[in-house]
Amino acid sequence: MFAAKMATAGKVIKCKAAVAWEPNKPLVIEEVEVAPPQANEIRIKIVATAVCHTDLHQLLENTHEDCFPTVLGHEAAGIVESVGPGVTEYKPGDKVIPLFLAQCRECRFCKSPRTNQCDKAWLFPESRFTCRGKKVLQFSGTSTFSEYTVVNQMAVAKIDPAAPLDKVCLIGCGICTGYGAAVNTAKVESGSTCAVFGLGAVGLAAVMGCQAAGAKRIIAVDINPEKAEKAKVFGATDFVNPKDHSKPISQVLSEMTDGGVDFSLECVGSVAVMRSALESCVKGWGVSVIVGWTDLEDFSARPLQLIAGRTWKGSVFGGFKGRDDVPGMVKAYMDKKLKVDEFITHNMTLDQVNDAIELMKHGKCIRTVLNVSPQ
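This report concerns the structure included in the present document.

What counts, and at which threshold
- Residues numbered from 1 in each chain as written.
- Predicted model: local features only at pLDDT ≥ 70, side-chain atom pairs only at ≥ 80, totals over all residues.
- Heavy atoms only, no water.
- Helix = DSSP H or I, 4+ residues; strand = E, 2+ residues; numbered from the N terminus.
- Rg over C-alpha atoms; globule rule 2.2 N^0.38 Å.
- Buried < 20%, exposed > 50% of the residue type's maximum accessible area, 1.4 Å probe, protein only.
- Contact = heavy atoms within 4.5 Å.
- Areas by Shrake-Rupley, 256 points an atom, 1.4 Å probe, with all protein chains shown as cover.
- Axes fitted to C-alpha atoms, helices over the stretch in contact; angles between N-to-C directions.
- Parallel < 35°, antiparallel > 145°, perpendicular 65-115°, else oblique.
- Left-handed = near helix turned anticlockwise from the far one by under 90°.
- Pairing = 2+ DSSP bridges.
- Right-handed = clockwise from strand over helix to strand, strands pointing away.
- Salt bridge = Lys/Arg side-chain N within 4 Å of Asp/Glu carboxyl O.
- Core = buried A, V, L, I, M, F, W, Y, C linked by side-chain atoms within 4.5 Å.
- Phe/Tyr/Trp six-rings, centres within 6.5 Å; stacked < 30°, edge-to-face > 60°.
- Lys NZ or Arg CZ within 6 Å of the ring centre and 35° of its normal.
- Nonpolar A, V, L, I, M, F, W, Y, C, P; charged D, E, K, R; others polar.

Check the secondary structure of the protein chain and you find 11 helices and 18 strands. For 375 residues, the compact-globule estimate of 2.2 N^0.38 gives 21 Å, and the C-alpha radius of gyration of the protein chain, at 21 Å, lies within 12% of that figure. A buried classification covers 55% of the 375 residues belonging to the protein chain. Put simply, 71% of the contacts in the protein chain that link residues at least 6 apart link residues at least 24 apart. For the protein chain, the exposed surface amounts to about 15,900 Å²; the carbon and sulfur share of it is 51%.

Right, dumping it as structure tokens:
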């Protein structure tokens, strides 16, 4: 299949993409032009991409006009179509997962085992998309709501050639983000008690991470009662709906756990929930991790919460170094040590992207996978 496709190397590819022309409006399926990869870049044929809440945040809550038009999407998997000058680690035909958090392997952060931050992580390359004669911006350096995209080689993980791309695409964001927040950032301990706030894909992955780390009690917290059974699939032992209680959720959890949980993970992106998660931790050693993404508001807490011995931490992409660690997460899935299929509630096509967005907007899905191209 790819021998024929290689005829496109070095040429502009015309293909289909979902373009967000302006904020808070439906995406439009357009024919776009994707320029060839330049130095240190890779052009990827996207096979499958999922809709993540961060895409909705960008579309519905980011009102900066200079962020549009853009092609959203960042949780995906595909096949290398061609590579630019200087690329030696990847070749056409490789199965890959594009990464919204790059790993240059050369900066002080990449060389440290203490973080997955990278000096070049947020220096996104110039967009290779044009549509109707206009430059279309790239989102998170990935833009996977397109049949083809161009990504810097620092933001690509090469994975097992046997991996089913319409499944492992979820490892590109949600699963790593939640699972790693529990295992890498919180460092959940065996025999501990945990609370996970928010049971979207990230929260459910955090529940799975708590279970993998050996937590004896995992309390899943969500205002949607329909999430209770799904949480148990991933290892939750309890489900609490804050709407069922007249007292603050932190007080409810404190009473359930003799003073608070050992670890809490906020997977909503709400500053109010972040504070509740912190206050749900036991004094002395409780650890609370902010996982949910938002940059719209400041968060706050009373100093005594931390003075009493609690730790408040943040996590991006679950602390995973993308190029090094994502292939291992794919292997864990292939070895049946990591749940992935259970996150997928809907399969659609790229043409149905607006339907997928509506499902997520109204909490009617965990993950919708858009099948973009055949594997």
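The rest of the description comes next.
For the pair helix 4 (residues 174–186) and helix 5 (residues 201–212), the least separation of the axes is 7 Å and the interaxial angle reads 40 degrees. It follows from the interaxial angle that helix 4 and helix 5 lie oblique. When you trace helix 4 past helix 5, the crossing you get is right-handed. From helix 4, Gly174, Ile175, Thr177, Gly178, Tyr179, Ala182 and Val183 reach across to helix 5, where they touch Ala201, Val202, Ala205, Ala206, Met208, Gly209, Cys210 and Ala212.

Here we come to the pairing of strand 11 (residues 193–197). Along strand 11, 5 of the 5 residues are buried, which leaves the element largely enclosed by surrounding structure. With burial as the criterion, each face of strand 11 is covered, one bearing Thr193, Ala195 and Phe197 and the other bearing Cys194 and Val196. Looking at chain direction, strand 11 and strand 12 (residues 217–221) are connected through 5 bridges and run parallel. Considered in strand 12, the bridge of phenylalanine 197 is made with valine 221. Handedness of the crossover joining strand 11 and strand 12 through helix 5 is recorded here as right-handed. Note that strand 11 and strand 14 (residues 263–266) share 4 bridges and pair parallel. Residue pairing across strands places alanine 195 opposite serine 264, the latter belonging to strand 14.

The 6 strands are arranged 13-12-11-14-15-16 in an open sheet whose pairing can be described as parallel. Bordering the open sheet on either side are strand 13 (238–240) and strand 16 (311–314), each of which pairs with just one other strand. Taken pair by pair, the neighbouring strands of this sheet meet at an average axis angle of 20 degrees, ignoring direction. The strands touched by helix 5 within the sheet are strand 11, strand 12 and strand 14, with strand 11 carrying the most contacts at an inclination of about 170 degrees.

Residue position: arginine 108 is located in the loop between strand 6 (95–98) and strand 7 (129–131). The exposure class of arginine 108 is exposed, given its relative accessible area of 67%.

Turning our eyes to something else, we now look at the pattern of salt bridges. Under the counting rule described, the total for this entry stands at 20 salt bridges. We note a salt bridge from aspartate 351 to lysine 16, for which the minimum N-O separation is 3.2 Å. On the criterion of sequence distance, the pair formed by aspartate 351 in the loop between strand 17 (344–349) and helix 11 (353–361) and lysine 16 in strand 1 (residues 13–20) is long-range, its members being 335 residues apart. Residue aspartate 351 is classed as partly exposed on the basis of its relative accessible area, which comes to 45%. The exposure class of lysine 16 is partly exposed, given its relative accessible area of 28%. The closest approach of N and O atoms between arginine 105 and aspartate 324, which form a salt bridge, is 2.9 Å. On the criterion of sequence distance, the pair formed by arginine 105 in the loop between strand 6 and strand 7 and aspartate 324 in helix 10 (residues 322–334) is long-range, its members being 219 residues apart.

To continue, consider the nonpolar core. Membership of the largest hydrophobic core comes to 113 residues, with the highest contact counts inside it found for Phe145, Val168, Ile171, Val326, Leu338 and Phe343. For this core, the leading source of residues is helix 5, giving 8 residues. Apart from residues lying up to four places away in sequence, phenylalanine 343 is in contact with Leu170, Ile175, Ala201, Leu204, Ala205, Met208, Phe234, Ile366 and Arg367. Judged by nonpolar contacts, the second largest core, of 11 residues, contains Ile219, Val240, Val252 and Val261.

This part is about the packing of aromatic side chains. Two measures describe an aromatic ring pair: the distance that separates the ring centres and the angle between the ring planes. Within the structure shown, the criterion is met by 4 aromatic pairs. Seen from their ring centres, tryptophan 122 and phenylalanine 124 are 6.0 Å apart, and the 85 degrees between their planes marks the pair as edge-to-face. Overall, tryptophan 122 belongs to the partly exposed group, its relative accessible area being 41%. Judged by its relative accessible area of 35%, phenylalanine 124 falls in the partly exposed class. Directly above the ring of phenylalanine 109 sits arginine 108, whose terminal nitrogen or CZ lies 5.3 Å from the centroid.

Let us look at the packing of helix 2 (residues 53–61) against helix 11. At their nearest, the axes of helix 2 and helix 11 sit 10 Å apart, and the two run at 100 degrees to each other. The orientation of helix 2 with respect to helix 11, classified from their angle, is roughly perpendicular. On helix 11, the residues touching His53, Leu56, Leu59 and Leu60 of helix 2 are Ile357, Met360 and Lys361. In the contact of helix 2 with helix 11, the residues fall into 5 nonpolar, 1 polar and 1 charged.

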